[in-house]
Amino acid sequence: MGSGCLKVTKYFLFLFNLLFLILGAVILGFGIWILADKTSFIAVLQMSSPSLKTAAYVLIGVGALTMLMGFLGCLGAVNEIRCLLGLYFTCLMVILITQVAAGLVIYFQKETLKEELSRIVGTLIENYDPWNNDERNLQDAWDYVQTQISCCGWTGAKDWENNKILINQSMTLYPCSCSNSSKDIQAESRFCNLDVPVNGTATYADWPVHEQGCMDGVEKWLKDNLGVILGVCTGVAVIELLGMILSISLCKNIHSEDYTKVPKS
């Protein structure tokens, strides 16, 4: 490889690793956000399932490692250090294989994940208590989900019939965050009074709430954004492959260039 091509490869690899450094910062920030967030569906899962906390710590670790790799790649490319480029190539290959394996696990375990989510949300709805300050953050997060997605319960409003407080009130109360009226959503109380209870009792069918369950809402969001998600995943994989090709090419030709510069006897 000529010196001109070597320089082009070196600077391309430097720019690539600069992007990789930024990507690592984004992943690190996402992991920290999962741990710190208290007002979205992520908070519901994070406070109810230890597996999501573990995933957040994994993201933080991967983000920090990615940033470190980006720094090492920049250093190795600019200074033409073969050992750093070789280490960089190996780490990229390991990360790519890990990402593919994780994607396959998620795909084949999606029914198990759905069951776990159903169990978590079902327990939350059953024990939902506006006067329990210990669970306020978790309940605020679920109210936020129902309001933003315009849904009620996990599979539907019927899920709320298992709530202990609503049972004691003969279903004459309903969750304000489920309401299809903006007036109820803005109410400070967690439960709203049913205007005209029939014979002092009611069922979820009498509530002025959204019919769609949040499971359907989440699935719809995922389907609507599937192209973006797949595009991002594919883009990351392509970038990683490009980095592997550039690093091994530069590493090989630095070796060749060094030997051509040795004077022959």
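Residues numbered from 1 in each chain as written. Predicted model: local features only at pLDDT ≥ 70, side-chain atom pairs only at ≥ 80, totals over all residues. Heavy atoms only, no water.

Draft legend 1. Up close: the packing of helix α6 (residues 136–149) against helix α9 (residues 214–224). The contact between α6 and α9 brings their axes to 10 Å, and the two run at 65°. The two elements α6 and α9 meet at a crossing, and its hand is left-handed. Between α6, through Trp142, Val145, Gln146 and Ile149, and α9, the contact on the second element is made entirely by Cys214, Gly217 and Val218. Classifying every residue of the contact of α6 with α9 gives five nonpolar, two polar and no charged. (Axes fitted to C-alpha atoms, helices over the stretch in contact; angles between N-to-C directions. Helix = DSSP H or I, 4+ residues; strand = E, 2+ residues; numbered from the N terminus. Left-handed = near helix turned anticlockwise from the far one by under 90°. Contact = heavy atoms within 4.5 Å. Nonpolar A, V, L, I, M, F, W, Y, C, P; charged D, E, K, R; others polar.)

Draft legend 2. Local environment of the packing of aromatic side chains. This model, assessed by the stated rule, comprises three aromatic pairs. Considering the side-chain rings of Tyr128 and Trp160, the 5.1 Å spacing of their centres and the 80° angle between planes classify their relative orientation as edge-to-face. In this pair, Tyr128 sits in the loop between α5 (110–126) and α6 while Trp160 sits in the loop between α6 and α7 (164–168), placing the two residues 32 residues apart along the sequence. Residue Tyr128 is classed as buried on the basis of its relative accessible area, which comes to 1%. The class for Trp160 is buried, based on a relative accessible area of 0%. Where Trp160 meets Phe191, the ring centres are 6.2 Å apart and the plane angle is 90°; that geometry is what we call edge-to-face. Taken together, the residues span a long stretch of sequence, with Trp160 in the loop between α6 and α7 and Phe191 in strand β2 (residues 191–193) at a distance of 31 residues. Here a set of aromatic residues connected by ring pairs shows up, and it is made of Tyr128, Trp160 and Phe191. (Phe/Tyr/Trp six-rings, centres within 6.5 Å; stacked < 30°, edge-to-face > 60°. Buried < 20%, exposed > 50% of the residue type's maximum accessible area, 1.4 Å probe, protein only.)

Draft legend 3. Main features of the layout of surface pockets. Counted as a void, the second largest pocket has a volume near 150 Å³. If you go around the second largest pocket, you meet 10 residues; those closest to its centre are Thr123, Leu124, Asn127, Glu135 and Leu138. Secondary-structure elements contributing two or more residues to the lining of the second largest pocket are α5 and α6. With four residues, α5 is the single largest residue contributor to the lining of the second largest pocket. Partitioning the lining of the second largest pocket into residue classes produces four nonpolar, four polar and two charged. (1 Å grid on protein atoms, 1.4 Å probe; cavity = no way out; pocket = protein on both sides within 12 Å on 5 of 7 lines; lining within 4 Å. Points joined across faces, edges and corners; volume = space filled by probe spheres on them.)

Draft legend 4. Up close: the packing of α5 against α6. Two numbers describe how α5 lies on α6: the axes approach to 11 Å, and their chain directions differ by 110°. Overall, the two elements α5 and α6 adopt an arrangement that is roughly perpendicular. Contacts between α5 and α6 involve Val121, Leu124 and Ile125 on the former and, on the latter, Leu138, Gln139 and Trp142. Partitioned by chemical class, the residues of the contact of α5 with α6 number five nonpolar, one polar and no charged. (Parallel < 35°, antiparallel > 145°, perpendicular 65-115°, else oblique.)

Draft legend 5. Summary view of the environment of Ile120. Relative to the elements of secondary structure, Ile120 occurs in helix α5. Separated by 34 residues in sequence, Ile120 and Trp154 have C-alpha atoms that sit 9.8 Å apart.

Draft legend 6. Quick look at the nonpolar core. Counting 27 residues, the largest nonpolar core has Trp142, Trp160, Leu166, Phe191, Trp207 and Val209 as the members making the most contacts within it. Judged by nonpolar contacts, the second largest core, of 14 residues, contains Leu13, Tyr88, Leu246 and Cys251. (Core = buried A, V, L, I, M, F, W, Y, C linked by side-chain atoms within 4.5 Å.)

Draft legend 7. Highlighting a nonpolar patch on the surface. Where nonpolar side chains cluster on the molecular surface, the patch consists of Leu65, Leu68, Phe71 and Leu75 and spans about 350 Å² of accessible area. Among the secondary structure elements, Phe71 is positioned in helix α3 (residues 50–79). (Patch = residues over 30% accessible without salt bridge, like charges linked within 9 Å, V, L, I, M, F, W, Y side chains within 5 Å. Areas by Shrake-Rupley, 256 points an atom, 1.4 Å probe, with all protein chains shown as cover. Salt bridge = Lys/Arg side-chain N within 4 Å of Asp/Glu carboxyl O.)

Draft legend 8. Representation of the state of the cysteines in the model. Evaluation of the coordinates by the stated rule reveals three disulfides. A disulfide bridge connects Cys151 with Cys214, and the sulfur atoms are separated by 2.0 Å. Note on the Cys151 and Cys214 pair: the S-S dihedral is about 80°, so by sign convention the disulfide is right-handed. Of this pair, Cys151 sits in the loop between α6 and α7 while Cys214 sits in helix α9, placing them 63 residues apart in sequence. For Cys214, a relative accessible area of 0% translates into the label buried. Shown here is the disulfide that connects Cys152 with Cys178, its sulfur atoms set 2.3 Å apart. For the disulfide bridge between Cys152 and Cys178, the dihedral angle about the S-S bond is near 90°, and by the sign convention the bridge is right-handed. Linking Cys152 in the loop between α6 and α7 with Cys178 in the loop between β1 (173–175) and α8 (182–185), this pair joins segments that are 26 residues apart in sequence. On the accessibility criterion, Cys152 (0% relative accessible area) is buried. If you count the bonded cysteines of the protein chain from the N-terminus, they pair up as 1-6, 2-4, 3-5. (Disulfide = S-S within 2.5 Å.)

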